[in-house]
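These are the residues of each chain, in order.
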Amino acid sequence: MSNHEIVRMTRRAMLGATLFTGAGWVLKGCTTGSAPDTTSSTAASTAGGKLIATTLPGSWEQFNRTVVVPQFNAATNAETSLVPLVSADQIAKLTASPGSPPFDVVSLDYGVFDGAPKEELFQKLPIDQLKNYGDLADRFKSQDIWGPLIGVQAVGIAYNPKVITTPPVSWADLWDAKYKGRVALMAMKNNHTIGFMQKIAKMNGGSAENLDPAFVQLEKLVPNLAGVVANAGALITLFQQGEIDIAPHDLNSVKLLQSKGVDIDWIMPKEGGFALTPTMSIVKNPNTSVDLAAAYIDTAISTDVQTKMTEMSYVLPTNKNVPIPADIAQKLGNSLDEILPKLELLDWATINKQRTEWVGRFDKAVQA
């Protein structure tokens, strides 16, 4: 594949992603709505107040606007503004103004969060004020109390079942010659591809810190690539336009596309998948009270909210009391205890040490 072909596909996909994103929600403050009180006792005693919280864009923003914010506002009589930003931009804004942060609570990809200067930007979570913290599965409780993990995106292989009538079974299937020109990857700055390269490295004798075997395999994959796209929105566009048939992707995005009539399905490879896990934290020196910020996080991890999250967005819960819907159970298992061993939690402390170097190597390999 020529460099020109990859750039052409990337630009077209990015245009589609821009249109896709443009259909999203308009930034505005959300106010109260009728909902049950599932927040902490602290929240229930908080009389009003204003809170600014970030959200990851896309389906996370839609869910937070329609469920988390109205439920939190109803329980606390608060006024909440929701700001959609990718994780790197959130950290940049906090770093630029640590003494007067633009947000009170942040939602971040854990990989970006792990690499941030936590002591400078965040404060420890007052877990004694969160009545729902104890309901989290142990694997999702922050060991250093910076904040809980609030959801799990299971990443495996997405494919077009109308074209690929015999489902793939392994990550190695992406190298099959029958998929020449029909595979896509996101750029390695995306966590999906970081996780993918980690899996390929380990399948070929590498490790979390040694991706050399994965880069060897990546060069062999290039003939099968239709394009390397900027982000998940661009990948979705390629599936919708029928320009690709197979790619690493998360189950929740695939389920949402299926609900819109897109020809797409998902499998967990026999080698297992990996998990992308956003986290939620209180910033240092919030403009609102710590009590109100803690109550917002408590709402996000409550059984009621996490049940809606799993049913509406197909994101796996971190609250162990949430039932697994049948259409997710069919793909992954009936409980968190059954599902979690199939999903690797990425070693971000190791990844972040070499991430910049790996991104450069990846870009060079796919553009050769």
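See the structure printed just above.
The rules behind these values
- Residues numbered from 1 in each chain as written.
- Predicted model: local features only at pLDDT ≥ 70, side-chain atom pairs only at ≥ 80, totals over all residues.
- Heavy atoms only, no water.
- Salt bridge = Lys/Arg side-chain N within 4 Å of Asp/Glu carboxyl O.
- Helix = DSSP H or I, 4+ residues; strand = E, 2+ residues; numbered from the N terminus.
- Phe/Tyr/Trp six-rings, centres within 6.5 Å; stacked < 30°, edge-to-face > 60°.
- Buried < 20%, exposed > 50% of the residue type's maximum accessible area, 1.4 Å probe, protein only.
- Polar contact = N/O pair within 3.5 Å; in protein donor to acceptor, adjacent residues only side chain to side chain.
- Contact = heavy atoms within 4.5 Å.

**Topic: the pattern of salt bridges**
Under the defined criterion, the tally for this structure stands at ten salt bridges. Of the charged contacts in the structure, one is a salt bridge between Lys202 and Glu344, with a shortest N-O distance of 2.1 Å. Of the two residues, Lys202 sits in helix 7 (residues 191-203) while Glu344 sits in strand 13 (residues 343-345), which places them 142 residues apart along the sequence. Linked by salt bridges that have partners in common, Lys199, Lys202 and Glu344 make up one network.

**Details of the packing of aromatic side chains**
By the definition in use, this model includes six aromatic pairs. Considering the side-chain rings of Tyr110 and Phe113, the 5.6 Å spacing of their centres and the 50° angle between planes classify their relative orientation as tilted. With Tyr110 and Phe113 both in helix 5 (residues 110-115) and three residues apart, the pair spans about one turn of that helix. Taking the relative accessible area as the measure of exposure, Tyr110 reaches 24% and is therefore partly exposed. With relative accessibility at 1%, the residue Phe113 sits in the buried group. Taking the centre distance of 6.0 Å and the plane angle of 20° together, the rings of Trp175 and Phe196 count as stacked. On the criterion of sequence distance, the pair formed by Trp175 in the loop between strand 6 (153-159) and strand 7 (183-186) and Phe196 in helix 7 is long-range, its members being 21 residues apart. Taken together, Trp171, Trp175, Phe196 and Phe274 form an aromatic cluster joined through their ring pairs.

**Topic: unusual backbone geometry**
One non-glycine residue, Asn77, lies in positive phi territory at about 60°. As for its position among the elements, Asn77 is in the loop between helix 3 (59-76) and strand 3 (79-84). A residue is classified by how much of its surface remains accessible, and Asn77, at 56% relative accessible area, is exposed. Not every positive phi belongs to a glycine, and Asn285 is a case in point at roughly 60°. Tracing the sequence through the fold places Asn285 in the loop between strand 12 (278-283) and helix 11 (290-300). You can call Asn285 partly exposed: its relative accessible area is 42%.

**A few points about the side chain of Arg65**
Of note, Arg65 is situated in helix 3. Here Leu82 takes part through its backbone oxygen, which lies 3.1 Å from a polar atom of the side chain of Arg65.

**Some words on the environment of Ile244**
In this structure, Ile244 sits in the loop between helix 9 (232-240) and strand 9 (246-250). Once the C-alpha coordinates of Ile244 and Ala184 are considered, the two residues, 60 residues apart in sequence, prove to be 6.6 Å apart. With near-sequence residues (within four places) excluded, Ile244 lies in contact with Arg182, Val183, Ala184, Ala226, Leu235, Leu238 and Phe239.

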